[in-house]
Amino acid sequence: MNSCAKSVEPPLAAAGAPGVPSLPDGDPYRALDDLMAVVEALCPAWPPREPLRPGATMLL
C-alpha cells in the first residue's frame, strides 16, 4: 500500500551531478605552503589579544 501520489516531475538528481573540478596535479603540501606564504605576507604578525583567564572555557 502506498499513500503517496506518483509525481510527474523527474527526481532532483536526474540530470546528474554538477561538474566537479578535478584535483590539481602536484604536491598538495607545496600548495598549502605557498598559500601560507601569501597569508604571512599579508599579515606578518598576529593581532594582539587578551591573555587567557584561568578557568576560561575555550569552545570552537
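Cut-offs and rules
- Residues numbered from 1 in each chain as written.
- Predicted model: local features only at pLDDT ≥ 70, side-chain atom pairs only at ≥ 80, totals over all residues.
- Heavy atoms only, no water.
- Helix = DSSP H or I, 4+ residues; strand = E, 2+ residues; numbered from the N terminus.
- Buried < 20%, exposed > 50% of the residue type's maximum accessible area, 1.4 Å probe, protein only.
- Expected span 1.5 Å × (residues − 1).
- Polar contact = N/O pair within 3.5 Å; in protein donor to acceptor, adjacent residues only side chain to side chain.
- Patch = residues over 30% accessible without salt bridge, like charges linked within 9 Å, V, L, I, M, F, W, Y side chains within 5 Å.
- Areas by Shrake-Rupley, 256 points an atom, 1.4 Å probe, with all protein chains shown as cover.
- Salt bridge = Lys/Arg side-chain N within 4 Å of Asp/Glu carboxyl O.

1. What about the overall build of the protein?
Link 1 in the chain: When its secondary structure is counted, the protein shows one helix and zero strands.
Link 2 in the chain: Residues classed as buried in the protein amount to 0% of the 60 residues present.

2. What to know about helix 1 (residues 28-42)
Link 1 in the chain: With 15 residues, helix 1 ought to run about 21 Å at 1.5 Å a step, and its terminal C-alpha atoms sit 21 Å apart, in line with that.
Link 2 in the chain: For helix 1, the capping residue at the N-terminal end is aspartate 27, with a side-chain oxygen 3.2 Å from the backbone nitrogen of tyrosine 29.

3. Considerations on a nonpolar patch on the surface
Link 1 in the chain: Residues Tyr29, Leu32, Leu35, Met36 and Val39 make up a contiguous nonpolar surface patch of about 530 Å² in total accessible area.
Link 2 in the chain: With respect to the helices, strands and loops of the structure, valine 39 is situated in helix 1.
Link 3 in the chain: Judged by its relative accessible area of 41%, valine 39 is partly exposed.

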